[in-house]
Structures are given as structure tokens and as C-alpha cells.
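Notes for the structure review
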Amino acid sequence: MKSSITVTDNRTGKAYEFDILDGTRGPSVVNIGSFYAQTGLFTYDNGYTSTASCTSNITFIDGEKGELRYRGIEIEELAENRSYLEVCYLLLNEKLPSQEECALFDLELRHRSFLHEGLTNLFNSFPSGSHPMATLSAATAALSTFHFNHLDINDEAEYQTMARRIVAKMPTIAAFAYRHSIGAGFIQPDIDKSFTENFLYMMRAYPGGKMHRDLSGERTIKPIEIQALDTIFTLHADHEQNASTTAVRNIASTGAHPYVAISAGISALWGRAHGGANESVIKQLEMIGSVENVDAFIQRAKDPKDDFRLMGFGHRVYKNFDPRAKVLKGLQVQLQEELHLDSNLMQIARKIEEIALSDEYFISRKLYPNIDFYSGIILTALQIPTSMFTPIFVIGRTIGWISQWIEFKKGKGMKIARPRQLYLGK
Ligand code: ACO
């Protein structure tokens, strides 16, 4: 059997043949690289719904089954049994670390978490009250001015350093962006603390590194809080060729510095159709206000004349339950017993989920809750302010973006991203 597809131009009856390429998992692709040269036509695919833009070995999603794997390992297995740093190592090095490799990786990240004083000063130039995502994107681009080395993709040590540096510094940049937004002094990282604990510490601590006190004593960071946030980071670590990763790869294709590519990824992630949805979910639950109002909002979401959408529902790839959402749903139940989860918001969310999962509109369009539907309530319980929900996503995703950047640069025959258009103007 020939592994090709024949396309016939019905205007002329002329047939063209294109090769079919098979991957290791998922649908095969038609190689249309020569389509224009052969036919004189462009292909049109608004929103890339059927277009594979690259080859990749990093992350695999089966949207019909609701399956997600990093380097071949199922997300449920990683979320349950591995730390976020092990997952970072896996994405970057294509294998899980040994105990010693993991300990060294952890130490390196702790030491690299500090920011140059010049970069720290930059935060004070932004207006107070600025959204942390805007500051985060700007500060990440600015990081390239402090680490403007020539990045030789053939020098493993050089790009490993570049990747580890951005992963290590992102929690500090995010925490500083938040503290600046509320006019609080910066808390420097503490090398005695792990990656995830350090972030919570930089967010919550008072000057001198003291934690909040009440009559029962100091409110220290609980191990369950660290574990929950660590799992959230793992679930966000990569998600193949989504809008922000595509932005990172497109910038990589022009030869620009990797940190400005990550800055573009952050900007792309901010939108509410993408990572910004987690912030919108909580705002929407608060707007709905009580369980009695849920029906009216579901009706609005279904009304084609109303542009209201149920935030945290639907996904371009998942036409089944988002496996990350399943893990978070389990985490919500666990945390409910040990931390204060907003019971009113939980009730509203459960009601929305219950109605939507049994409603013809949502069933026929395969609209399931996505990761953002569950993450907000958990982040609220971890005392993360709403404006920091999407920056949390950034911290988790930085490893994915930089791994995809490296894969792109190491790839053979990669071209500058340059789509065509169907011109309809004068
Ligand atoms: N609420 C109500 N209806 C919806 C929703 C929703 N959340 N999402 C999709 N639909 C409907 C659309 O109106 C459309 O209906 P129609 O066929 O009658 O016109 C149909 O479902 C298909 O929707 P599209 O927008 O064409 O699907 P697409 O794959 O382009 O969009 C997206 C996916 C952007 C995620 C969309 O579902 C959405 O806007 N969801 C809400 C925002 C959100 O939660 N984003 C986070 C995604 S996960 C992530 O990025 C981390």
C-alpha cells in the first residue's frame, strides 16, 4: 500500500500526490511542503485546526481519549509520583533523573534563583498596580540584556545553563512582579528552600523573612501547600503546540534570543482564551455569586447571540475530560479536608459542572471542564491572589517553552515561520 494521498483539482482534473508521514503516536500527517510549488495553491487552515507545524519528541496528547504524556510518561503517573523538578529534568534531558542528578539539579536551581540588582531595579520603573503578567513579560525580555551570551546550540553546557537559568529565575521574577504590584518590598530567594516552597515564601513573607503571625503563632508554609502547588506546576509543564508554545517556536525560527521568545510565550499565555482563563474562571464564579444563578449563566453560554462563554470549558484538542483537570479535581477533594477551600465557589463550580456535563449543548460540542476550571479554587486556597493565577501557569510552563525552543534549534532543516494568506483586500 502506498503511503500517500492524491488530491484532484476539480477545475482541471489534474491529480497531485503527497506523502503521508507516520509518527510514533497520534494521527499521521500529509506532507504538503511542496503543495504550492506543485499546484500553485496555498492551503487555508484558520487557527491551525488541522495543521502540524513541526515534529516533536516532547509531549503527546490524545484529545479523543483524554491522554497526556511527557516524554512518553503519562501525566497521572508524573503528577502522583514525581516532583516538579524531576519533571523539568525529564522534559529537558529526555530521561528522569537519578537521585543524585535530581539533588544536583535542585541545588543548581536554588543558586540560580537570584536576580541581578539591575533587573530588580527595573521592577520599580513600572506603575504600581500594573498586572503581574505585563511586568513578567517585560522583565523576562529584559533578562536577555543581562545574559546576552552567544547561545551555541551545539554546546550542550551552554544551552543547559541558559535553560536552567530561566527556569530558576521565573518564580523570583513572578514573585517580584506581584510584590511590586501591591507596593510590597521584595523578598529574596532563600537557598534553604525548595523551588516550590521558595516561591510561596517570596510571595508571603514579611521583611526579614518572617511569616504572618496570629495568636496561635507563626503561619508557616504547610507541606500540603507545597505539594499541591508542585503538582500544579507539573500539570502545566508542557502541552505540545498550543498558542504560547507556537509563539515561542515562531520567535525561535527568526534566531532571536531565547528569553525574548519566552517573553512572547508569556504574552500569548495571558489571553483569556489561553492561560488567562484561570483568572477569568474565578472572576466568573464570583460574578455568578450563588448556585441559584447558575442556570441563567448556562443559558447565556448556550445563546449564540450572547458572546458570554463558560470560562474553563472547552479545548481545541481535548474532546474528552482534560486529564490534568481530573488530577486537579482529585486534589480539590484532598485539600478540602486539609485547607480552607471557598465552599460557595466550590458549590457554584460543582453545579456548573453537573449541568454542563449533562446538557445537550455541551455534550454535542464535546465541551468538558479544562485545567483552568479547577486550578483557580485550589490556588485561592493556597492564598494565591487572582492576578497571580496566570503567572503560576508561566512558572510551570517555562520548562516546556525552553525545551521546545531547544528542540526547535537542534532540529534539522527548520525554517522561519512564514505563513501565507488569502488576500481579500483591494
Ligand atoms: N462556553 C460556551 N460555548 C463554548 C465554549 C465555552 N467555554 N467553548 C466553545 N464553545 C462553543 C462555541 O461557541 C462553538 O459553538 P458553535 O459550534 O455553535 O459555534 C463550539 O463550542 C466550538 O468552539 P470554538 O471556539 O470553535 O472552539 P475552539 O477549539 O476554537 O476554542 C477554546 C477552544 C478557545 C478553549 C474555547 O473552548 C473557549 O473559549 N473556552 C473558554 C476559555 C478557556 O477555558 N480557555 C482555556 C483553554 S485551556 C488552556 O489554554 C490552558
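The structure we're discussing is the one just above.
The following paragraphs examine the structure supplied in this document. Note that the structure is predicted; figures quoted are calculated from it, not measured. (Residues numbered from 1 in each chain as written. Predicted model: local features only at pLDDT ≥ 70, side-chain atom pairs only at ≥ 80, totals over all residues. Heavy atoms only, no water.)

1. A word on the overall build of the chain
What counts here: Put simply, DSSP H or I for four residues or longer makes a helix, DSSP E for two residues or longer makes a strand, and each gets a number counted from the N terminus. Only C-alpha atoms enter the radius of gyration; for comparison, a globular chain is expected to reach 2.2 Å times N to the power 0.38, where N is the number of residues. A simple rule labels every residue: compare its accessible area, found with a 1.4 Å probe on the protein chains alone, to the largest value its type can have, and call it buried under 20%, exposed over 50%, or partly exposed in between. The criterion used for residue contact is that any of the two residues' heavy atoms lie within 4.5 Å. Under the convention used here, a 1.4 Å probe and the Shrake-Rupley method define accessible areas, while residue burial counts only the protein chains that appear. Here the positive residues are Lys and Arg and the negative ones are Asp and Glu; neither His nor the chain ends is included. To locate a charge, take NZ of a lysine, CZ of an arginine, CG of an aspartate or CD of a glutamate.
Per the secondary structure count, the chain includes 18 helices and 8 strands. Here the C-alpha atoms of the chain give a radius of gyration of 23 Å, agreeing with the 22 Å that 2.2 N^0.38 yields for 426 residues. In terms of principal-axis extent, the alpha carbons of the chain reach across some 85 × 60 × 50 Å. Residues counted as buried form 50% of the 426 residues belonging to the chain. Pairs at least 24 residues apart make up 71% of the contacts formed inside the chain by residues separated by at least 6 positions. For the chain, the exposed surface amounts to about 21200 Å²; the carbon and sulfur share of it is 51%. The averaged location of the 49 negative side-chain charges in the chain is 6 Å from the averaged location of its 45 positive side-chain charges.

2. Some remarks on the pairing of strand E4 (residues 59-62)
Which entries qualify depends on this criterion: Strand pairing follows a simple DSSP-based rule, namely that at least 2 bridges must link the two strands.
Because side chains alternate across E4, one face comprises the buried residues Thr 59 and Ile 61, and the other comprises Phe 60 and Asp 62, equally buried. Pairing of E4 with strand E5 (residues 67-70), which is carried by 4 bridges, proceeds in the antiparallel orientation. Counted as the bridge partner of Asp 62 is Glu 67 from E5. The loop that links E4 with its antiparallel partner E5 comprises 4 residues; one of these, Gly 66, has a positive phi angle of about 75°.

3. Observations concerning the nonpolar core
Heads up, the condition is: Among buried residues, the Ala, Val, Leu, Ile, Met, Phe, Trp, Tyr and Cys ones that are joined through side-chain atoms within 4.5 Å form a nonpolar core.
Judged by nonpolar contacts, the single largest core of 117 residues is most densely connected at Phe 199, Ile 352 and Ile 402. Broken down by element, the residue count for this core peaks at 13 residues, all from helix H7 (residues 156-181). Beyond its immediate stretch of four places on either side in the chain, Ile 402 contacts Leu 92, Met 162, Ala 163, Ile 166, Val 167, Pro 258 and Ile 262.

4. Comments concerning the packing of H7 against helix H18 (residues 389-410)
Using the following cut-off: Note on geometry: axes are C-alpha line fits, over the in-contact stretch for helices, and angles between N-to-C directions span 0 to 180 degrees. For this classification, under 35 degrees means roughly parallel, over 145 means roughly antiparallel, 65 to 115 means roughly perpendicular, and everything else is oblique. In this scheme, a crossing is called left-handed if the near helix is turned counterclockwise away from the far one by less than a right angle; it is called right-handed if the turn is clockwise. When residue character is reported, Ala, Val, Leu, Ile, Met, Phe, Trp, Tyr, Cys and Pro are called nonpolar, Asp, Glu, Lys and Arg charged, and the others, Gly included, polar.
Look at H7 against H18: their axes get within 9 Å of each other, and the N-to-C directions meet at 165°. By the angle between their directions, the pair H7 and H18 is classed as roughly antiparallel. Crossing of H7 over H18 shows right-handed handedness. Counted together, Tyr 159, Met 162, Ala 163, Ile 166, Val 167, Met 170, Pro 171 and Ala 174 of H7 and Pro 391, Val 394, Ile 395, Thr 398, Ile 399, Ile 402, Trp 405, Ile 406 and Lys 410 of H18 form the full contact between these two elements. A per-class count over the contact of H7 with H18 returns 15 nonpolar, 1 polar and 1 charged.

5. A closer look at the sheet that holds strand E3 (residues 29-30)
Across the sheet, 3 strands lie side by side as E1-E2-E3; this open sheet has antiparallel pairing. Every other strand in the sheet has two partners, leaving strand E1 (4-9) and E3 as the edge strands with one partner each. Bridge count for strand E2 (residues 14-21) against E3 is 2 bridges, and the pairing is antiparallel. The residue bridging Ile 20 from the neighbouring strand is Val 30, located in E3.

6. Brief notes about the site of the ligand
Quick note on the threshold: Any residue with a heavy atom lying within 4 Å of a molecule or strand is counted as near it. Distance and chemistry together define a polar contact, namely a pair of N or O atoms within 3.5 Å, with one atom able to donate a hydrogen and the other to accept it when in protein, and with adjacent residues in sequence counting only for side-chain atoms on both sides.
Lining the immediate surroundings of the ligand are 19 residues, of which Arg 309, Leu 310, Gly 312, Phe 313 and Arg 316 lie closest. Tyr 361 has a polar side-chain atom sitting 2.9 Å from a nitrogen atom of the ligand. When its residues are assigned to classes, the shell around the ligand shows 9 nonpolar, 5 polar and 5 charged.

7. Looking at the side chain of Asp 230
Let me state the cut-off plainly: The rule for a salt bridge is simple: a side-chain nitrogen of Lys or Arg has to be within 4 Å of a carboxyl oxygen of Asp or Glu.
Examined against the element boundaries, Asp 230 turns out to sit in helix H9 (residues 223-236). One buried charge, Asp 230, has no salt-bridge partner; the nearest side chain with opposite charge is Arg 110, at 10 Å. Separated by 2.6 Å, the side chains of Asp 230 and Thr 196 make a polar contact. Beyond its immediate stretch of four places on either side in the chain, Asp 230 contacts Ser 83, Tyr 84 and Thr 196.

8. Some remarks on the pattern of salt bridges
Within the structure shown, the criterion is met by 20 salt bridges. Residue Asp 9 pairs with Arg 11 through a salt bridge whose shortest N-O separation is 2.8 Å. What makes Asp 9 buried here is its relative accessible area of 11%. Judged by its relative accessible area of 65%, Arg 11 is exposed. Ionic pairing is found between Asp 62 and Lys 65, a salt bridge with its closest N-O pair at 3.9 Å. On the basis of relative accessible area, Asp 62 is assigned to the buried category, the value being 19%. Look at Lys 65 and you get exposed, because its relative accessible area is 58%. One continuous salt-bridge network, built from bridges that share partners, spans Glu 67, Arg 69 and Glu 74.

9. Section: unusual backbone geometry
A positive phi is found at Tyr 48, a non-glycine position, where the angle reads about 50°. Summarising the element assignment, Tyr 48 is placed in the loop between helix H1 (35-39) and E4. Its identity is not glycine, yet Glu 240 carries a phi of approximately 40°, on the positive side. A residue is classified by how much of its surface remains accessible, and Glu 240, at 21% relative accessible area, is partly exposed.

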